[in-house]
Amino acid sequence: MRGPVPVVGLYAGTCGGRHCHALRVHLDGHCPARCLRSGNEMVGCAVGRRIQYRRPWVVESMWRTVFPSLYLQRFAFFNTPLNAILTDRCFAFVGEMGWVSQTALALSHIDRECTASGKGRPLIQLSAILAVVVYALAEGISFYNMATTNEWWAAAEVFVDAVGYVVMAPSALYLIATQDLGGKTSSGTLFCGILAVFCVVYPLYNFFLDVPLYMKRYHADQAAGKTYFPFWAGVEDAATRKTVTHRLQDWEQDLGWMTMYFTVGCWSAILLMWAPRVRPHPSTRGKAALIRLDTKC
C-alpha cells in the first residue's frame, strides 16, 4: 500500500484457523502510510499501547489514594502491609513510568503523522525517548531516597523528573508553531498545546516549590545530626516499618502535590486513551477503504 493513509479503526477475526485482519483506513493526504509492519504486527497500535500504559498509572493512583504514604518520614494511613512504604514506591515506579511513556508515545505518534516518511523528525523522536530515559533515572533516585531517608536525594528526584518533561517542551511547541495539526480543536492541537504548557508549569513547580521544600527538610535533618540508612538496610526498613498517622500536620506540607497527582495526573492518563492525532483533511473525510490481510499466527 502506497501513499499517506492513517489508520482510524482496526478489526480482527479468525478465518479457517488463520488470522484475517481488516484495517479500515481514511484516505488522507496529510498522514503517512504506516499501516503495516512485518508479520502480523499492526502499526496504528499506538492507541493500544497508550491504553496499556494508562492502566498501571490509573491503578497506582487508585491504590495510593486509598493507601497514602510519605516515604522518608515512614508515614502511612493504615496499619497493614498493603500500606507499606516499599509497596507504595513499587506501585509508583510502575505507574509513573507508564504515564511518561504514554505521553512520550503520543508526542512521537503526532510527529510521525506530520511527516511524509512516517518516521518523524529525529530530534522530536529523540526527545520522546529521552523523556522516558530521564524519568527512569528519576525513579532510581526515588528508590534511593526512600531507602536512605535522605531529603537531598528527594530534591534530586523531583529535579530530574521535571527535566524529563522539559526535554519534550521544544518538540510540542515546534509542532504547534510549524505544523498543520488539523485545526484549533483537533486532538493533536489540544494535546500539543496542553503538553507545551505542562512541560513548563510542572518543572517550574518542582524547581521552585518541591526542591526548596525537600532542601529545607534536608538542612533541618543535617542540623539535627540525622543518621541515614545504607541502601539495603533502608529497603528492609521501608518494607517493615511505618508510622500510622492521621494528623493533618503530618501530611499538610505534601497535600498540594498529592492532590494534583491523584486527580489531574490520573485523569490525564484516562484522557490519553483518545489517541491524539492529526485530524483527517476535510476534503477527504468520510472516504474509506477496507483492506483485508491474511497473516499466519
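Residues numbered from 1 in each chain as written. Predicted model: local features only at pLDDT ≥ 70, side-chain atom pairs only at ≥ 80, totals over all residues. Heavy atoms only, no water.

Scanning the protein from N- to C-terminus turns up nine helices and six strands. Within the span of the protein, comprising 297 residues, buried residues form 47% of the whole. In the protein, once contacts between residues fewer than 6 apart in sequence are set aside, the share between residues at least 24 apart is 75%. Accessible surface computed for the protein: about 15100 Å², of which carbon and sulfur atoms make up 66%. (Helix = DSSP H or I, 4+ residues; strand = E, 2+ residues; numbered from the N terminus. Buried < 20%, exposed > 50% of the residue type's maximum accessible area, 1.4 Å probe, protein only. Contact = heavy atoms within 4.5 Å. Areas by Shrake-Rupley, 256 points an atom, 1.4 Å probe, with all protein chains shown as cover.)

Next up on the list: the packing of aromatic side chains. In total, this model carries 20 aromatic pairs according to the counting rule given. On the numbers, 5.5 Å between centres and 40 degrees between planes, the contact of tryptophan 99 with tyrosine 165 is tilted. Here tyrosine 165 lies in helix α4 (residues 151-166) and tryptophan 99 lies in helix α2 (residues 85-113), a separation of 66 residues in the sequence. The same class applies to tryptophan 99 as to tyrosine 165, namely buried. Their ring planes at 65 degrees and their centres at 4.8 Å tell us that tyrosine 261 and phenylalanine 262 sit as a pair that is edge-to-face. (Phe/Tyr/Trp six-rings, centres within 6.5 Å; stacked < 30°, edge-to-face > 60°.)

Our next topic: the pattern of salt bridges. Side chains bearing opposite charge may pair, as long as their charged atoms lie close to each other. One pass over the full model with this rule turns up 11 salt bridges. Sharing partners across several salt bridges, the network here consists of Glu60, Arg64, Asp88, Arg89, Glu96 and Glu139. (Salt bridge = Lys/Arg side-chain N within 4 Å of Asp/Glu carboxyl O.)

This part covers the packing of helix α3 (residues 122-148) against helix α5 (residues 169-178). Between α3 and α5, the least distance of the axes is 9 Å, while the angle of their chain directions is 140 degrees. Comparing their axes, α5 and α3 come out oblique. Regarding α3 and α5, the two cross each other, and that crossing is left-handed. The residues of α5 that touch α3, namely those facing Leu123, Ile124 and Ser127, are Ser171, Tyr174 and Leu175. (Axes fitted to C-alpha atoms, helices over the stretch in contact; angles between N-to-C directions. Parallel < 35°, antiparallel > 145°, perpendicular 65-115°, else oblique. Left-handed = near helix turned anticlockwise from the far one by under 90°.)

Packed helices, taken two at a time, are described by the angle their axes make and the gap between the axes. Contact geometry of α5 with helix α6 (residues 187-223) gives a least axis separation of 8 Å together with a crossing angle of 145 degrees. Every pair of crossing elements has a handedness; the one defined by α5 and α6 is left-handed. From α5, Ala169, Ala172, Leu173, Leu175 and Ile176 reach across to α6, where they touch Thr189, Cys192, Gly193, Leu195, Ala196 and Cys199. Here the residues of the contact of α5 with α6 sort into nine nonpolar, two polar and no charged. (Nonpolar A, V, L, I, M, F, W, Y, C, P; charged D, E, K, R; others polar.)

Right, let's talk about α4 for a bit. Compared with an ideal rise of 1.5 Å per residue, which puts 16 residues at 22 Å, α4 spans 23 Å between its outermost C-alpha atoms and is within 8% of the ideal. For α4, the full list of buried residues reads Glu151, Ala154, Ala155, Ala156, Glu157, Val158, Val160, Asp161, Ala162, Gly164 and Tyr165. For α4, the secondary structure elements touched by its buried residues are α2, α3, α5 and α6. (Expected span 1.5 Å × (residues − 1).)

On to the nonpolar core. Formed by 52 residues in total, the largest nonpolar core has its most connected members in Met146, Tyr165 and Phe191. For this core, the elements supplying multiple residues, two or more each, are α1 (46-66), α2, α3, α4, α5, α6, α7 (231-240) and α9 (255-271). Sequence-distant contacts of methionine 146, that is, excluding residues within four places in its chain, are made with Tyr71, Leu72, Arg74, Ile85, Leu86, Arg89, Val235 and Ala238. Judged by nonpolar contacts, the second largest core, of five residues, contains Val134, Ile141, Ala156 and Val160. (Core = buried A, V, L, I, M, F, W, Y, C linked by side-chain atoms within 4.5 Å.)

Attention now goes to the sheet that holds strand β5 (residues 243-244). Each strand in a sheet pairs with another by means of backbone hydrogen bonds, the pair being arranged parallel or else antiparallel. The strand order across the open sheet built from three strands is β3-β4-β5, with neighbouring strands paired in mixed fashion. Strands at the two margins of the open sheet, each flanked by one partner only, are β3 (69-70) and β5. Two strands pair when backbone bridges link them, and β3 and strand β4 (residues 75-76) are joined in this way by two bridges, in the antiparallel orientation. By the bridge assignment for β4, leucine 70 is matched with phenylalanine 75. (Pairing = 2+ DSSP bridges.)

With that out of the way, let us pick up the confidence of the model for the protein. Mean pLDDT over the protein stands at 80; residues scoring 70 or higher make up 75%. Predicted confidence for residues 1-48 stays below pLDDT 50, and this span has 120 contacts to residues more than four positions away or in other chains. Between residues 281-297, whose pLDDT stays under 50, and residues either more than four places distant or in other chains, the model counts 45 contacts. (pLDDT = per-residue confidence, 0-100.)

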